[in-house]
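Chain by chain, the residues:
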Amino acid sequence: MAETIRTTCAYCGVGCGVLAAPQPDGSVAIAGDPDHPANFGRLCSKGSALGETLALDDRLLHPEIGGRRVSWDDALGTVADRFRETIDRYGPESVAFYVSGQILTEDYYVANKLMKGFIGAANIDTNSRLCMASSVAGHKRAFGSDTVPGTYEDLELADLVVLAGSNLAWCHPVLYQRLAAAREKRPSMKVVLIDPRRTATAGIADLHLAIAPDGDTALFSGLLRHLFEADATDGDYINTHTSGFDEALAAAACFDGARVAAETGLAREDMKTFYRLFAATEKVVTVYSQGVNQSVRGTDKVNAIINCHLATGRLGQPGMGPFSVTGQPNAMGGREVGGLANMLAAHMALEDPGHRALVQRFWNAPRMADKPGLKAVEMFNAVADGRIKAIWIMATNPVDSLPDADAVAQALRDCPFVVVSDVVAKTDTIRHADVKLPSTGWGEKDGTVTNSERRISRQRAFLPAPDEARADWWQLAEVARRMGFGEAFAYGTAADIFREHAALSAFENDGKRDFDIGAYQDVPDADYRDLRPFQWPQGRGAQPAQKRFFTNGGFFTADGRARFVALRPSGAAMADEAYPLTLNTGRVRDHWHTMTRTGKSPRLSAHMAEPFAEIHPEDAARLSIDDADLVRVESRHGAAVVRALVTARQRPGSVFVPMHWTAEFAALARVCALVAPVTDPLSGQPASKNVPIRLERF
Ligand code: SF4
């Protein structure tokens, strides 16, 4: 029997370790890795079913141009020629890469290097923009760097865990299991859930605050005011380690009980209970996810949360801190190599001339991008209006996942040159590709990922690459070579790329930048093969690894102090007379993104067999909708038809529809077609949880 391989799960940002054991009958036995510090052997339903998703029947296995099978040489030559011609004729800003939190750090590194250092534009963005860009922007505003201060262990050590906009039980199930186990051992631990819906996570909550969409800034600004009035702030910490407290407190003055109640829709007594609990508990972790991030004011919400932790000095210590949990398996790895249009490699800033010069020196790059590129929604707007004339999409399905998804489809139809690298032969995006490039998938590819607690782990191949499928980094490097940049992209293995990435993180880094894994810049191939999970930072000579950031301040701002952010009220609700309800999109327990992998498992598909809309009984009665009726959900941008699920779990006025179903699975249920392409002005993250809609029986 073949050996058991240690790898990591393909799905969420918990980043669980997986043991994969190929069997003689061709199947693969899957188990949790008991030695992986993210999950200690646990797996959720999705991770456990990974072995059921490996069949090749739906795979893209050969390069194609215009629907015809071609050689790799023809396909790569065509991509290089068309990108080169477009750049020569229209400039570097006329091309773009749209990549994914599903690709590995090594893939991300090469894509980012090619676009930002050699093509000379920053038009590379990622579907992680839809997931955690507001957390990145909030971290940078507060800490001067995109740093998650804490670790998963902090959830177990806390006396109060606040879950804001996070259905942890379904979206980060193993972290939820760890929290539930800790609470069982220590029943005095309290959990507060802040979510418009009574989700499965409410099962663990002592208090559920069914907040109105986008009420979080008001709730946490009111908390900041309460902490001050209750004498629960930490004056020493504020004076020693922060700036801007007085301004933030002055801005919070307008968030009295009446205003917070009006903006959040919460009962005053419930708010007070939460505020008193937070004020009285030293060890508090606030976990936040898409319910906070996916908003026109997502960055403000993140900073409203961080403000409360700074005011109490509760971060960087065991059991304390704000904690962003990322949706995707490698959203963090992408951030580390600059996979966002407004970031440079190794957490450096594109707008900083010193950082640009440093990266240019390291790469010996001929043409550095000198300004931020287009963020995801802007990028596809630029495809639609002709500014982008060639785009390479990698491991993602924007025709089903971006806001205003029908407009994205039209933009790709009209785009002169579209390349798609994917594992799947048929998606709603790949049908628009001029060139299709077959990628290796989970179990076939090799590299690293970073989970939500800054832990870098290996994804390892345990199956051969099928037919002509190749790694994404290889495809990028081969195109770079054909564009004349061969010397800088002469990688033989993923280990070569990892070493370069580690060396860049340490290059001229005198401790002023957070991301440093310089200890690995010379890692031998065999050690890379056997790399055990580790948390960054791991600079040269760093022993033992620093577990938490900001234990004694030391923020990455110019003056070393964390910054409070003064926040304004959020203003008018999104819903209006014509579209009086609000749509909240999200995940179900057993599916992942647009179902290209989880849709292959009958076991996973059995949990929620079809798309649905959760509707509060009052709204359903008013609209004469019965449970299980088909309903038409309509926004200003599109419409979907799904099954009504009438439930008091839902908040009145708010409707939840899952994001997973695509035209491949349910022709009329592409919910992202309804989402307005409005974004947070700082982070560029779309507001996928507060979309004005109307509803009627179909
Ligand atoms: Fe995979 Fe996330 Fe489940 Fe862990 S919790 S097994 S990483 S989907």
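Here the structure is a predicted model, which is why all the values come from computation and not from measurement. (Residues numbered from 1 in each chain as written. Predicted model: local features only at pLDDT ≥ 70, side-chain atom pairs only at ≥ 80, totals over all residues.)

So, on to the overall build of the protein chain. Counting secondary structure elements, the protein chain contains 24 helices and 26 strands. In terms of overall size, the protein chain behaves like a compact globule, its C-alpha atoms giving a radius of gyration of 24 Å where 698 residues would be expected to give roughly 26 Å. Expressed along its principal axes, the backbone C-alpha trace of the protein chain runs to roughly 65 × 60 × 55 Å. Across the 698 residues that make up the protein chain, the buried fraction comes to 61%. Sequence-distant contacts in the protein chain: of pairs separated by 6 or more residues, those separated by 24 or more amount to 74%. (Helix = DSSP H or I, 4+ residues; strand = E, 2+ residues; numbered from the N terminus. Rg over C-alpha atoms; globule rule 2.2 N^0.38 Å. Buried ≥ 20, exposed ≤ 12 C-beta atoms within 10 Å, placed from the backbone. Contact = placed C-beta atoms within 7 Å.)

This next bit is on the domain arrangement of the protein chain. Split by domain assignment, the protein chain resolves into domain 1 (5-53), domain 2 (64-127 + 334-445 + 464-500), domain 3 (132-327) and domain 4 (581-697). A C-alpha centroid distance of 26 Å is found between domain 3 and domain 4. With 22 residues of domain 3 at the interface, the matching set in domain 4 holds 24 residues. Of all the elements in the fold, those that place two or more residues in the side of domain 3 that touches domain 4 are helix H4 (129-143), helix H6 (168-171), helix H13 (290-293) and helix H14 (298-311). Broken down by element, the residue count for the side of domain 3 that touches domain 4 peaks at four residues, all from H4. (Domains from an automatic or database assignment.)

Remark: helix H8 (residues 216-229) packs on H14, axes separated minimally by 8 Å, with the N-to-C direction vectors making an angle of 15°. Looking at the two axes, H8 sits roughly parallel to H14. Of the two possible hands of crossing, H8 and H14 adopt the one that is left-handed. Across from Asp 216, Thr 217, Phe 220, Ser 221, Leu 223, Leu 224 and Leu 227 in H8, the residues of H14 making contact are Asp 300, Lys 301, Ala 304, Ile 305, Asn 307, Cys 308 and Ala 311. Of the residues belonging to the contact of H8 with H14, the class tally is eight nonpolar, three polar and three charged. (Axes fitted to C-alpha atoms, helices over the stretch in contact; angles between N-to-C directions. Parallel < 35°, antiparallel > 145°, perpendicular 65-115°, else oblique. Left-handed = near helix turned anticlockwise from the far one by under 90°. Nonpolar A, V, L, I, M, F, W, Y, C, P; charged D, E, K, R; others polar.)

Moving on: the site of the ligand. Taken together, 14 residues surround the ligand, and among them Cys 9, Cys 12, Cys 16, Cys 44 and Gly 47 come closest. Every element with two or more residues in the shell around the ligand is listed here: helix H1 (45-48) and helix H7 (173-185). Residues from two domains meet in the shell around the ligand; each of domain 1 (5-53) and domain 3 (132-327) gives at least three. (Near = placed C-beta within 6 Å.)

A few words now on the sheet that holds strand S13 (residues 321-324). Read across the open sheet, the five strands follow the order S10-S9-S8-S12-S13; overall the sheet is parallel. Both edges of this open sheet fall to strand S10 (207-209) and S13, since each of them pairs with a single strand only. Averaged over all adjacent pairs, the angle separating strand axes in this sheet is 15°, with direction ignored. Relative to S13, strand S12 (residues 284-288) is paired through four bridges, and the arrangement is parallel. Within S13, the position partnered with Val 287 by the bridge is Phe 323. Sheet strands touched by helix H12 (residues 268-280): strand S8 (160-164), strand S9 (190-194), S10 and S12. Its angle to S10, the strand with the most contacts, is close to 120°. (Pairing = 2+ DSSP bridges.)

A few words on the nonpolar core. Grouped together as the largest cluster of nonpolar side chains are 128 residues, with contacts concentrated most on Ala 111, Ile 391, Ala 613, Val 633 and Val 655. When residues in this core are grouped by element, the largest group, eight residues, is from helix H3 (residues 105-119). Membership of the second largest hydrophobic core comes to 90 residues, among which are Val 162, Ala 210, Leu 224 and Ile 305. (Core = buried A, V, L, I, M, F, W, Y, C linked by C-beta atoms within 7 Å.)

This part is about the environment of Arg 548. With respect to the helices and strands, the residue Arg 548 is situated in the loop between strand S19 (534-535) and strand S20 (562-563). The exposure class of Arg 548 is buried, given the 20 C-beta atoms found within 10 Å. For the pair formed by Arg 548 and Ala 38, sequence separation is 510 residues and the distance between their alpha carbons is 15 Å. The contact partners of Arg 548, leaving out residues within four places of it in the chain, are Pro 149, Gly 150, Thr 151 and Gly 316.

A separate point is unusual backbone geometry. The peptide bond linking Trp 536 to Pro 537 adopts the cis configuration, its omega dihedral lying at 10°. You can see Pro 537 is positioned in the loop between S19 and S20. Residue Asp 404 is not a glycine yet carries a positive backbone phi of 50°. Take Asp 404: it is sitting in the loop between helix H18 (398-401) and helix H19 (405-414). Using a count of 25 C-beta atoms within 10 Å as the deciding quantity, one classes Asp 404 as buried. The phi torsion at Met 595 lies on the positive side, around 65°, for a residue other than glycine. Residue position: Met 595 is located in the loop between strand S21 (581-586) and helix H23 (602-605). On the neighbour-count criterion, Met 595 (22 C-beta atoms within 10 Å) is buried.

Take H3 next. With 15 residues, H3 extends 20 Å from end C-alpha to end C-alpha; this agrees with the ideal 21 Å at 1.5 Å per step. In terms of burial, H3 is largely enclosed, as 15 of its 15 residues are buried. (Expected span 1.5 Å × (residues − 1).)

What links the strands of a sheet is backbone hydrogen bonding, and the strands pair in either a parallel or an antiparallel sense. One open sheet accounts for three strands, arranged S17-S18-S19; its pairing is antiparallel. Of all the strands in the sheet, the pair left with one neighbour each is strand S17 (447-450) and S19. Across two bridges, strand S18 (residues 455-459) lies against S19 in antiparallel orientation. For Ile 456, the partnering residue across the bridge sits in S19 and is Phe 534.

Next up on the list: the environment of Asp 57. Relative to the assigned elements, Asp 57 resides in the loop between H1 and strand S4 (64-65). Sequence-wise, Asp 57 and Met 608 are 551 residues apart; in three dimensions their C-alpha atoms are separated by 23 Å.

Side chains of residues three or four places apart in an α-helix project in the same direction, reflecting 3.6 residues per turn. Among the residues making up helix H11 (residues 257-264), those that are buried are Val 260, Glu 263 and Thr 264. Looking straight down H11, one finds that the buried residues subtend no more than 90° of arc, so they occupy a single side. Backbone geometry just after H11 places Gly 265 at a positive phi near 70°. (Arc of directions from axis to C-beta.)

This part is about the packing of helix H17 (residues 376-384) against H19. In the contact formed by H17 and H19, the axes pass within 8 Å of each other and the chain directions differ by 45°. Put simply, H17 runs oblique to H19. In the packing of H17 onto H19, the handedness of the crossing is left-handed. In this structure, H17 contributes Phe 380, Val 383 and Ala 384 to the contact, and H19 contributes Ala 407, Val 408, Gln 410, Ala 411 and Leu 412. Grouping the constituent residues of the contact of H17 with H19 by class yields seven nonpolar, one polar and no charged.

The next point concerns the environment of Pro 652. Position of Pro 652 among the secondary structure elements: in the loop between strand S24 (639-646) and strand S25 (654-658). With 465 residues separating them in the primary sequence, Pro 652 and Pro 187 have C-alpha atoms 32 Å apart. Setting aside chain neighbours within four positions, we find Pro 652 in contact with His 616, Glu 618 and Asp 619.

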